[in-house]
Amino acid sequence: MQLRLARTETGEAEIFRSIQGEGPMAGRPRTFVRLSGCNLHCVWCDTAYTWNWRGTDFAHVRDAADAPHKFDLSEELIRLDIDDVAARVAQLSTEGVVLTGGEPMMQRDALEHLIAALKQAARAPLIEIETNGSIVPGALERAVDLFVVSPKLAHSGNNAAVALNPAVLRTYAGLANAYFKFVARDAADVAQAAALADRFSIAPHRVYIMPEGVTSDALRQRAQFLTQSILDYGFNFTDRLHVHLFGARRGI
Ligand code: SF4
């Protein structure tokens, strides 16, 4: 069985050790495995090289009239055996492994096998998954230690019927080990996140609001507009530490 992974700029599978930049584990050292493929198409996605293939008509904020923000699937996607992925992860420190994307839940069956392989290590790593919350976890519910669920709000440009599926969100809301991270541009986005938290009975301490942006300047500017409403609702703020440290690059 194989996994479909993203590639770095130099063509390597995007498996790397870095500092978690977002959410409840921000600041912790982690090993990341970036999966390729996504069932959503956010207009501001900063990993569009995992899904925005040439020949598709998905819009993106980086589209130019003569140069849409598109990627070649054959150049950006690499298939690796699960044992190969597990071995590459094991070569890095495995205190915690973050399975991210793209949308990892599109490869649930293969991930179940990968997690089983990773858990065989003498010091089994903490397994975290970053998901857009539109696909139920299935058997991964028992295999994963921490879910960071990032439902996509209206400003992402997705079809809400797909991005905000009530049955799926209810499933994640019912998991004690699931935290929610909402990308926001302004106070109205925070209010939309609050309405979802209220509808699905997600306690404020489980909610993180993160400014949308791929530069330090943009993150700082948006954070200023978000702070008061985050305080009003009793949510958590999360920055994008990796953007400040490394910029918007792959494999870091
Ligand atoms: S869900 Fe995540 S990976 Fe998919 S398009 Fe949106 S931001 Fe990008």
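Within any chain, residue numbers begin from 1 and follow the written order of that chain's sequence. Given that the model is predicted, a residue must reach a pLDDT of at least 70 before its local features are reported, and side-chain atom pairs must reach 80 or more before they are shown or counted; all residues, however, enter totals for whole chains, interfaces and linings. Only hydrogens and water are set aside; all other atoms, that is, all heavy atoms of the structure, feed into the side-chain values.

Asker: An account of the site of the ligand is requested, with residue identities and associated values reported.
Answerer: Working definition: residue near molecule or strand if any one of its non-hydrogen atoms lies within 4 Å of it. Close contacts around the ligand come from C38, L40, H41, C42, W44, C45, T47, W51, G102, N132 and K152, and that covers them all. In the shell around the ligand, the residues fall into six nonpolar, four polar and one charged. Following the grouping adopted for this structure description, the nonpolar residues are Ala, Val, Leu, Ile, Met, Phe, Trp, Tyr, Cys and Pro, the charged ones are Asp, Glu, Lys and Arg, and the polar ones are all others, Gly among them.

Asker: Could you give an account of the pattern of salt bridges, naming the residues involved and the relevant values?
Answerer: By salt bridge we mean one thing: a side-chain nitrogen of Lys or Arg within 4 Å of a carboxyl oxygen of Asp or Glu. Using the criterion set out here, one finds 13 salt bridges in the structure. For R240, the salt bridge goes to D46, with nearest N and O atoms at 2.5 Å. Taken together, the residues span a long stretch of sequence, with R240 in the loop between β10 (236-237) and α9 (241-246) and D46 in the loop between β3 (29-34) and α1 (73-76) at a distance of 194 residues. Relative accessibility thresholds used throughout: buried, under 20% of the residue-type maximum; exposed, over 50%; partly exposed, between the two (1.4 Å probe, protein chains only). Relative accessible area serves as the criterion here: at 38%, D46 is assigned to the partly exposed category. Where E212 meets R222, a salt bridge forms, and the shortest distance between an N and an O atom there is 3.0 Å. Note that E212 is positioned in the loop between β9 (207-211) and α8 (216-233) and R222 in helix α8, a separation of 10 residues in sequence. Overlapping salt bridges, with partners in common, bring together E22, D46, K181 and R240 in one network. Labels follow the DSSP assignment, with helices taken as runs of H or I lasting at least four residues and strands as runs of E lasting at least two, numbered in each case from the N terminus.

Asker: Can you lay out α8 for me, pointing to particular residues and giving the numbers?
Answerer: The span expected for a helix works out to 1.5 Å for each residue beyond the first. A rise of 1.5 Å per residue sets the reference length of α8, with its 18 residues, at 26 Å; its end C-alpha atoms lie 25 Å apart and thus fit the reference within 8%. Bend, in this description, refers to the angle at a residue between axes fitted to the seven residues ending there and the seven starting there. The largest bend along α8 measures about 40 degrees and falls at L226. Here α8 has its buried residues at S216, L219, A223, L226, S229 and I230. Only heavy atoms matter for contacts: two residues are in contact if any of them lie within 4.5 Å across the pair. At its buried positions, α8 is contacted by β8 (178-184), α7 (187-199), β9, β10 and α9. In the stretch just after α8, G234 is the one whose phi turns positive, near 75 degrees.

Asker: Please give an account of the environment of P29 that cites residues and values.
Answerer: Counting through the fold element by element, P29 comes out in strand β3. Separated by 175 residues in the primary sequence, P29 and P204 have C-alpha atoms spaced 25 Å apart. Leave out the neighbours within four places in its chain, and P29 touches R17, S18 and E95.

Asker: Lay out the packing of helix α2 (residues 82-91) against helix α3 (residues 108-118) in plain terms, naming residues and giving numbers.
Answerer: Relative to each other, α2 and α3 sit at 45 degrees, their axes nearing to 9 Å. In this view, α2 runs oblique relative to α3, as classed from their interaxial angle. Relative to α3, the crossing made by α2 is right-handed. Counting all contacts with α2, which are made through I82, V85, A86 and V89, the residues of α3 involved are A110, H113, L114, A117 and L118. Counted by class, the contact of α2 with α3 contains eight nonpolar, one polar and no charged residues. The axes are straight lines fitted to the C-alpha atoms, using for helices just the contacting stretch, and the angles between their N-to-C directions are given from 0 to 180°. An angle counts as roughly parallel when it lies under 35 degrees, as roughly antiparallel when it exceeds 145, as roughly perpendicular when it falls between 65 and 115, and as oblique in every other case. Two helices that cross are described as forming a left-handed crossing if the nearer one is turned anticlockwise from the farther one by less than a right angle, and a right-handed crossing if clockwise.

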